[in-house]
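What follows is each chain in one-letter form.
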Amino acid sequence: MTSTELENLSLDELIVSLRQIGASEDRMERGKEVEAVKSAFYKLLGKLKAEAEAAGENVEEKFSAQEEAFKMVYSDYKKEKAVYNREQDALRTENLEKKKAVLAELKELVENLNDVQTAFPALREIQAKWRAIGPVPASDFRDINDTYQFLVEKFYDMVQINHELRDLDFKKNLEAKERFCEDAEKLAESEDVVGAFAELQKLHEQWKELGPVAKEFRESIWERFKAATAVINKRYQAHFEDIKKSFAANLEAKEALCVKVEEIADKEDIKDAGQWNALSKEIEQIQAEWKKIGFATRKDNQKIYERFRAACNKFYDRKKEFFLGIKGGIDAAVSAREDLIAQAEALKTSTEWKKTTDQFISLQKQWKELPAVPRKKAEQLWKRFRAACDEFFAERDKNGKPENDFYANLKAKKALIAEIKAYKPAEGENPAKARAEFEERYKAIGFVPFKEKDAIAKAYKEAMSEAFPQKEHSRKTDLIRRYNALQQDIVTYENNIGFFSNSKNSEPLIRQMEERIEAAKAELKEIEEQIRKEEAES
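Residues numbered from 1 in each chain as written. Predicted model: local features only at pLDDT ≥ 70, side-chain atom pairs only at ≥ 80, totals over all residues. Heavy atoms only, no water.

Draft legend 1. Fine view of the layout of surface pockets. In this structure, the largest pocket spans a volume of roughly 1,300 Å³. Taken together, 35 residues make up the lining of the largest pocket; nearest its centre are Ser-39, Ala-40, Phe-295, Asn-301 and Gln-302. Only helix H1 (3-7), helix H3 (31-54), helix H9 (215-265), helix H10 (273-292) and helix H11 (298-324) provide two or more residues apiece to the lining of the largest pocket. Lining the second largest pocket we find 27 residues, and of these Glu-61, Ser-64, Ala-65, Arg-386 and Asp-454 sit closest to its centre. Of all the secondary-structure elements, those providing two or more residues to the lining of the second largest pocket are helix H2 (11-23), helix H4 (59-111), helix H13 (353-369), helix H14 (375-398) and helix H17 (453-467). (1 Å grid on protein atoms, 1.4 Å probe; cavity = no way out; pocket = protein on both sides within 12 Å on 5 of 7 lines; lining within 4 Å. Points joined across faces, edges and corners; volume = space filled by probe spheres on them. Helix = DSSP H or I, 4+ residues; strand = E, 2+ residues; numbered from the N terminus.)

Draft legend 2. The environment of Val-152, seen in detail. By the element assignment, Val-152 lies in helix H6 (residues 138-158). Look at Val-152 and you get buried, because its relative accessible area is 1%. Here the alpha-carbon distance between Val-152 and Asp-183, two residues 31 residues apart in the chain, equals 25 Å. Leaving out residues up to four positions away in the same chain, Val-152 has contacts with Leu-106, Gln-127, Gly-211 and Pro-212. (Buried < 20%, exposed > 50% of the residue type's maximum accessible area, 1.4 Å probe, protein only. Contact = heavy atoms within 4.5 Å.)

Draft legend 3. The arrangement of a negative patch on the surface in detail. Among the surface-exposed residues, Glu-175, Glu-178, Glu-182 and Asp-183 lie close enough to one another that they form a single negatively charged patch. Tracing the backbone shows Asp-183 in helix H7 (residues 163-187). By relative accessible area, which is 35% here, Asp-183 ends up partly exposed. (Patch = residues over 30% accessible without salt bridge, like charges linked within 9 Å, V, L, I, M, F, W, Y side chains within 5 Å. Areas by Shrake-Rupley, 256 points an atom, 1.4 Å probe, with all protein chains shown as cover. Salt bridge = Lys/Arg side-chain N within 4 Å of Asp/Glu carboxyl O. Lys, Arg positive; Asp, Glu negative; His and termini not counted. Charge placed at Lys NZ, Arg CZ, Asp CG, Glu CD.)

Draft legend 4. Structural context of the environment of Tyr-148. Mapped onto the secondary structure, Tyr-148 falls in helix H6. For the pair formed by Tyr-148 and Leu-106, sequence separation is 42 residues and the distance between their alpha carbons is 8.1 Å. Tyr-148 has contacts with Leu-103, Leu-106, Gln-127, Trp-130, Lys-208 and Glu-209, leaving out every residue within four places of it along the chain.

See the structure below:
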């Protein structure tokens, strides 16, 4: 898959793509593809995080699951690749020992030449053994092949073979080397410069394994092969010189865009929302230009991207602070979060597991509804709040009573999910009744370990959806659901007002919550009218 195709994939699609590579039979030869998917994933993740941060969203909560999933798949592949590399290294070491043994046989043959008629077939057998052995460690390749070539040439120089057999062997070797020359000359004309260079290396390895030709042809055939080799090597070097030039040009273009964004991010005379929005469009246009520019070197590419991202983040952080309003509003939002943290820290040592669990769930929901605060401050506050939550739930899971065994509950829920997946309605059975029974049984099972609750809830929902496909909702049903959701939103907003009233300079936030309540109530009235209309028409 090309880099352009990867850029069009979502985070989840990139995770799937990485899994597919990891499941393929030739996955060990697809390392470059894995790294390309990784690069595309983190490039997209960085972009999405920047956008989420600009929108005041909790980046860690929004993307942590996808990032962790990608890391797990990537880690599994790297572990398997490391094992594979170790196996290949061991195999090359084993091949080295085998070739050393063949060299010992060849040396014995050269040093004890008696009967030429038997010595020559023995040489052919040794050469066949040599070719059948796979690659050796790169550090030993030159020495062991030079030794082999020396002994083979010594054999030909020392053996007192009749001219007919020797000339026939020289002829065969010459024909083979002429074919290698032809192949190399064709590669020298190939448009695939990188592929031609790789194929040339294979030809050189095969050339070294062949025996000598007649003395009068040795220099001329080698010069012909060397000439084609020189052309391929020169084109290969020129190819990478061109790439280096393009890397340099790309880096220069990206540096120019960094300067533009930095100048915009440092503007001091931005006075109204119109100016901020106009500058945002400029930033977006620059980001679009950035995407069209190719890569720089790996070393420079990461540094220049971090510089570009930092400039963009600086601009969007300043814009976000502008739209958050006066500092008092920010202080009130921070104070509201600190109130929730104080409650969470007061509750974290409680051993009233059921009651306190419900209280923590309520605090977490209220946290999500709070207005945004500057990114750095938001991260600090979230870490404190999350630490209190984690401490309570970890202690709850560790000290669960027998009647509330969280791991037993997890096992029971998994068993129930398996039962749901296997469910097939009997003839005449009412699926709605079965669905209700499954729901009651699931609700009756107690809490599971905190770290497992999201995964088990998702698995249950998917199993129920598959076992009991829902018919298309009526418009009335959808209206009722929206009505109930709005009522719950109003309760949350009113709770937030209660928190803000204890904070200084909270008027902007209280006003914001009151506006949301009024809007929700207005929508409730509209929905009531629509429900009555639906009932009248039915």
